[in-house]
Amino acid sequence: MTASRQTTPPGESVKTFVSLSLFIHLFCVAVVLGSSFSPSLLQQRLVSLFSPYTKTLHLDPNYVPPNRRLPATPSSAFHLTTGEENTRLHQWLLTTADGTTYRFPGQHWRGSFLRQRLDMLGQVAAFHARLDIDEVPAEIVRSLARNFFTRVEQDAANQPIYVRCVQHVGESDPLTFDPSDNDAGVNILYEADVWLDASNNGPPTVNVLKRTPISQSAPPVDVGNLR
Amino acid sequence: MNIAVAYSKFSQPLIGAVGMGWNRFWFQQRGNWQLALLTRLVGVFALVWLASFSFELTEMFGASGWLSRESVQQVLTDGDLTQPVPGFSHLFLLESNFSIWITHIVGMIILLLVAWGVAPRISTTAGFIIVLCYVHRAPMVTNQFEAILCMLFLYLSVGSLCVDFRDRNALSWTSNVATRLIQVHLCGFYVLIATSKLGSPVWWTGEAAWYLITDVQHRLVDLAVLTSSPFLMNGITHLWLLTELLFPVLIWNRHTRPLMLLLVTISWIWTAFLTGLVAYSLLMFAANLVFVTRDAAGDKK
């Protein structure tokens, strides 16, 4: 048995300084954790005020500005399930002109970090698409497509691709379900046609054109015989 | 005047008691074994987490990766691309795949040193900075795991700067401050977890367990046989939520602490099986070790 050695107890001035630091730190922590779900205006203001400290040390699980905190963002989904569809698996589908579909996540173990990251990327796109902030999903689609174009043959890169962010709402298998089947048990949250434009003098650009669902398009009208 | 005297007589002992309680809570002497163990565990978790980027490293962080600088900026700045990307990360500065790989390997070596317990004062702080750089590079693909990992790393790195965790026989008040901070912050997370669940009707109606069991894309094991009994589903949901609600209160009492640790251990195993959040569940289990006292660990020296 060995004797334990004690360090010198802190002096009064040290105790005062440490106590004050602890109080300020824990107050910041309490505010950011307490603001993860439906924050008040006061909480939003305090979160903004503390953000240089709390964001730098990642003490705040939310990545978005505090005025976007309703509903809770994917990264702060500590509830695990809400019973709604937005906690189900999100998947990215890239379909080439010849009909081949690449799936992200694909054959990844369900507990793997990579599968969770790709799921989160889909959740982020869906979260912003639901708020009608199309710039975010469009930019994510552009990044995914740019990466795809750099990895395929030149001929394939010259063909447009069709990118979808889908969410599984039924018992569909993410690896084997047919994306063209309307009854496959998936919802399309964002879809876009993407192509590489090399017509200008500079480096080729990746163009993203969002597809609009039929329900949001103008209904077809019978105009009769035009001749 | 009498009121002032009465108030003074009442308040002075109260303030004195609060002050003594505060000092006893934060500034008592404590051994290093919990923090030494936790540092190594956190090092292992961080190493596995960082290594998981290796499979798709340049696909994610490369110049034309999935998480391009533009897409991260778009998400974090509300679409205002004139604003700088908040947070710091060396990965924003790297263009070539070679340089990304070199820094990635250096980061893994540093976290290996943390897990191994080599030069903890330097390696723990350096490891925390590495983890923060990866988190800041793409915060939108982080989840609960990274929030807990950064919390633990912060207090362990601050604690390791003040005391050498390898000295098992030393008692110090700085070890106690680091341990208490982890305990209090962990309780804050349990409050967040419980209140987030209370915000969803399925946790009130007792259907949450059913929803998780029937989520075929996330679950690790098929427990659909349990769903035949709605009472069982309701009971599991209520006990699960009750455990997380009571944890921040009952964990401080030495008589109820073993029961709470047992219940949360079961709930984290359950969480891993039903949600696929294995690393998060294991990390929470490891973080709960900070409440295990020396007596409970079987060392009664």
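Residues numbered from 1 in each chain as written. Chains lettered and ligands numbered in written order. Predicted model: local features only at pLDDT ≥ 70, side-chain atom pairs only at ≥ 80, totals over all residues. Heavy atoms only, no water.

1. Topic: the overall build of chain A
Within chain A, the secondary structure is distributed over five helices and six strands. By the compact-globule yardstick of 17 Å for 227 residues, chain A is too spread out, its C-alpha radius of gyration being 25 Å. Projected onto the principal axes, the alpha-carbon positions of chain A cover approximately 95 × 45 × 45 Å. In chain A, which comprises 227 residues, the proportion classed as buried is 47%. Intrachain contacts of chain A at a sequence separation of at least 6 include 54% that bridge at least 24 residues. If you sum the accessible surface of chain A, you get close to 12,100 Å²; carbon and sulfur atoms cover 55% of it. Treating the 19 positive side-chain charges of chain A as one cloud and the 21 negative ones as another, the clouds have centres 10 Å apart. (Helix = DSSP H or I, 4+ residues; strand = E, 2+ residues; numbered from the N terminus. Rg over C-alpha atoms; globule rule 2.2 N^0.38 Å. Buried < 20%, exposed > 50% of the residue type's maximum accessible area, 1.4 Å probe, protein only. Contact = heavy atoms within 4.5 Å. Areas by Shrake-Rupley, 256 points an atom, 1.4 Å probe, with all protein chains shown as cover. Lys, Arg positive; Asp, Glu negative; His and termini not counted. Charge placed at Lys NZ, Arg CZ, Asp CG, Glu CD.)

2. Let's talk about the interface of chain A and chain B
Counting residues at the interface gives 73 residues for chain A and 81 residues for chain B. In this assembly, chain A packs against chain B so that about 6,800 Å² is buried in total across both faces, 64% of it on carbon and sulfur atoms. Its largest share of buried area at the contact with chain B, chain A owes to His58(A), Phe78(A) and Arg117(A), together 12% of the area lost on that side. The interface formed by chain A and chain B contains two salt bridges. Ionic pairing is found between Glu59(B) and Arg151(A), a salt bridge with its closest N-O pair at 3.5 Å. Between the two partners, chain A and chain B, sit 19 residue pairs in polar contact (both at pLDDT 80 or more). Mapped by element, the contributors of at least two residues to the side of chain A that touches chain B are strand S1 (5–6), helix H1 (12–34), helix H3 (113–130) and helix H4 (135–151) of chain A. Looking at which element gives the most residues to the side of chain A that touches chain B, the answer is H3(A), with 11 residues. Split by residue class, the side of chain A that touches chain B holds 32 nonpolar, 27 polar and 14 charged. (Buried area = accessible area lost by both parts, 1.4 Å probe. Salt bridge = Lys/Arg side-chain N within 4 Å of Asp/Glu carboxyl O. Polar contact = N/O pair within 3.5 Å; in protein donor to acceptor, adjacent residues only side chain to side chain. Nonpolar A, V, L, I, M, F, W, Y, C, P; charged D, E, K, R; others polar.)

3. Concerning unusual backbone geometry
In the segment running from Phe104(A) into Pro105(A), the intervening peptide bond is cis, with an omega of 0°. Of note, Pro105(A) is situated in the loop between strand S3 (101–104) and H3. Here the phi dihedral of His58(A) falls at roughly 55°; this positive angle occurs in a residue that is not glycine. Within the fold, His58(A) resides in the loop between helix H2 (41–54) and strand S2 (90–95). The residue Ala119(B) is not glycine, and still its phi comes out positive at about 40°. Looking at the secondary structure, you find Ala119(B) in the loop between helix H5 (97–116) and helix H6 (120–137). Judged by its relative accessible area of 36%, Ala119(B) falls in the partly exposed class.

4. Quick look at the side chain of Arg137(B)
Residue and element names in this part refer to chain B. Within the fold, Arg137 resides in helix H6. Using a relative accessible area of 2% as the deciding quantity, one classes Arg137 as buried. A distance of 2.8 Å separates a polar atom in the side chain of Arg137 from the backbone oxygen of Leu67. Arg137 has contacts with Met60, Phe61, Leu67, Ser68, Arg69, Val72, Ser89, Leu91 and Phe92, leaving out every residue within four places of it along the chain.

5. Side note on the confidence of the model for chain A
For chain A, mean pLDDT is 84; residues scoring 70 or higher make up 91% of the total. Confidence, read as mean pLDDT per element, is least for S1(A) in chain A (73) and greatest for H1(A) (94). (pLDDT = per-residue confidence, 0-100.)

6. Description of the packing of H5(B) against H6(B)
All names here are of chain B. Viewed as axis vectors pointing N to C, H5 and H6 meet at an angle of 135°, and their least axial separation amounts to 9 Å. As summarised for this structure, H5 and H6 are arranged oblique, according to the angle between their axes. The hand of the H5/H6 crossing is left-handed. Contact residues: His104, Gly107, Ile110, Leu111, Leu113 and Val114 in H5; Ser123, Thr124, Ala126, Gly127, Ile130, Val131 and Tyr134 in H6. Grouping the amino acids of the contact of H5 with H6 by side-chain chemistry returns eight nonpolar, five polar and no charged. (Axes fitted to C-alpha atoms, helices over the stretch in contact; angles between N-to-C directions. Parallel < 35°, antiparallel > 145°, perpendicular 65-115°, else oblique. Left-handed = near helix turned anticlockwise from the far one by under 90°.)

7. Quick word on the pattern of salt bridges
All names here are of chain B. For the structure shown, the criterion picks out eight salt bridges over all chains. Taking the shortest distance from any N to any O, the salt bridge between Lys197 and Glu244 comes out at 2.7 Å. Of this pair, Lys197 sits in helix H8 (residues 173–198) while Glu244 sits in helix H11 (residues 230–250), placing them 47 residues apart in sequence. The class of Lys197 is buried, set by a relative accessible area of 1%. In this structure, the salt-bridge partner of Arg219 is Asp222, at a minimum N-O distance of 3.4 Å. A residue is classified by how much of its surface remains accessible, and Asp222, at 52% relative accessible area, is exposed.

8. A few points about the packing of aromatic side chains
Across all of its chains, the model carries 26 aromatic pairs over all chains by this definition. An angle of 75° between the planes, with centres 5.9 Å apart, marks the rings of Phe27(A) and Phe50(A) as edge-to-face. Remark: Phe50(A) occurs in helix H2 and Phe27(A) occurs in helix H1; sequence separation between them is 23 residues. Since its relative accessible area comes to 41%, Phe27(A) is described here as partly exposed. The exposure class of Phe50(A) is buried, given its relative accessible area of 14%. Geometrically, the ring pair formed by Trp252(B) and Phe291(B) is edge-to-face, given 5.4 Å between the ring centres and 80° between the ring planes. Placement of Trp252(B) in the loop between H11 and helix H12 (257–275) and of Phe291(B) in the segment after helix H13 (278–287) is noted, with a sequence separation of 39 residues between them. Looking at Trp252(B), the relative accessible area reads 32%, which means it is partly exposed. Classification of Phe291(B) as buried rests on a relative accessible area of 2%. What links up through ring pairs into an aromatic cluster is the set Phe78(A), Trp22(B), Phe25(B), Trp26(B), Phe189(B), Tyr190(B), Phe247(B), Trp252(B), Trp268(B), Tyr280(B) and Phe291(B). (Phe/Tyr/Trp six-rings, centres within 6.5 Å; stacked < 30°, edge-to-face > 60°.)

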